Amino acid sequence: MKTAAVCVASLAAASAFVTPFMGTQVAGRTASKAVVSMSVNDLLGADVETKGVWDPLGFSKDEAALFRRRVVELKHGRICMLATLGYLVAEVYHPLYDGKIPAGLGAISQVPMAGWLQIIAAIGVIELTVGKQDFENKAPGDLGFGLGFNPFPEDPEKFAALQLKELKNGRLAMMGIMGMMVQEGLTGQTPLAQLASGHISPFGDGQGAF
C-alpha cells in the first residue's frame, strides 16, 4: 500500500506540469485538442539537441504511433527522475522492511515475494486507472488530475520552456539511472559508496571489473 501511495502521489505531482496542450505546442501556435495522430513537427523537444529532426530509422513517419511514443517517453522520464533520486536516497535512508533491505541492485534479490506482488499489483492498478492515458481526449502526459500547475498562464512560450525542461530532465534521468545500475554491476559498489572510496572510474584503479 505504501508503494501504491507513493506512485499515485508521484503521478499527481508530474501531471501538475501538464496542460491539455502538452506535446502539441509548436512555435507560434498551439493545438486546441490533442489527437491520436501526431506529426513529428508538433512534438515539443523533437529537435532540441540535433538542431533538426534526427530520425535515421524513420520512426516519425508512423504518425499514429508517434503519439503513444511521446506518452511512453514522458512516463518513463518521470519514473526515472524518481528512480534516480530514490537510488541515492535509499543508500542513507531506507526504512521499509525494518531497514534490512540493502540499497542498489542488492535490493532486487532481497525483497520478499509478497513485496514484489504488492509492487506489481500497485503498478497494475495505477496503469489501468488513474495512470491510464486518454488517447482520444488528452494530450501526452495529461492524466486528468493534479494541480494543473502553470506559473505562466498568460505566456505559452514560457510554459512550453518549462515543459521542455521536464522532458529533457526525464531523458537525462533515463540515461542516469541506467548508468548507475550498470556501474554498480561492474564495480559492486553503489554510487555513494563509489564516491566515498574514491572509486570514480571503473577502469584501471584496481577496484572494478576493469
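Residues numbered from 1 in each chain as written. Predicted model: local features only at pLDDT ≥ 70, side-chain atom pairs only at ≥ 80, totals over all residues. Heavy atoms only, no water.

A. Looking closely at the UniProt feature "binding site: chlorophyll a" (unreviewed entry) in the chain. The UniProt record marks W54, S60, E73, H76, K165, E166, N169, R171 and Q183 with the feature "binding site: chlorophyll a" (unreviewed entry), using the residue numbering of this structure. Counting through the fold element by element, S60 comes out in the loop between α1 (2–15) and α2 (63–89). S60 sits in the buried class, given a relative accessible area of 16%. Apart from residues lying up to four places away in sequence, S60 is in contact with V40, D55 and L66. Relative to the helices and strands, E166 is located in helix α5 (residues 156–187). By relative accessible area, E166 is classed as buried at 11%. (UniProt positions renumbered as here; feature names shortened; annotations may be inferred. Helix = DSSP H or I, 4+ residues; strand = E, 2+ residues; numbered from the N terminus. Buried < 20%, exposed > 50% of the residue type's maximum accessible area, 1.4 Å probe, protein only. Contact = heavy atoms within 4.5 Å.)

B. Here's a closer look at the pattern of salt bridges. Per the stated rule, a full pass over the model turns up 4 salt bridges. Linking R70 and E73 is a salt bridge whose minimum nitrogen-to-oxygen distance equals 3.0 Å. In this pair, R70 and E73 are both assigned in helix α2, 3 residues apart and thus about one turn of the helix distant. Close ionic contact of E127 with K75 constitutes a salt bridge, the shortest N to O distance being 3.0 Å. Of the two residues, E127 sits in helix α4 (residues 113–128) while K75 sits in helix α2, which places them 52 residues apart along the sequence. A single salt-bridge network, built from bridges that share partners, covers R70, E73 and R171. (Salt bridge = Lys/Arg side-chain N within 4 Å of Asp/Glu carboxyl O.)

C. Just the confidence of the model for the chain, in detail. Across the chain, the average pLDDT comes to 76, with 74% of residues at or above 70. Of all helices and strands in the chain, the one with the weakest mean pLDDT is α1 (44), whereas α4 scores best (92). Confidence drops under pLDDT 50 across residues 1–35; counting only partners more than four residues distant or on other chains, this segment forms 78 contacts. (pLDDT = per-residue confidence, 0-100.)

D. View of the nonpolar core. In terms of nonpolar packing, the biggest core is built from 5 residues, these being C80, Y87, A173, I177 and M180. Breaking this core down by element, the ones donating at least two residues are α2 and α5. Element by element, the count of residues in this core is highest for α5, at 3 residues. Aside from chain neighbours lying at most four places away, what touches Y87 is G104, L105, I177, M180, M181, E184 and P191. (Core = buried A, V, L, I, M, F, W, Y, C linked by side-chain atoms within 4.5 Å.)

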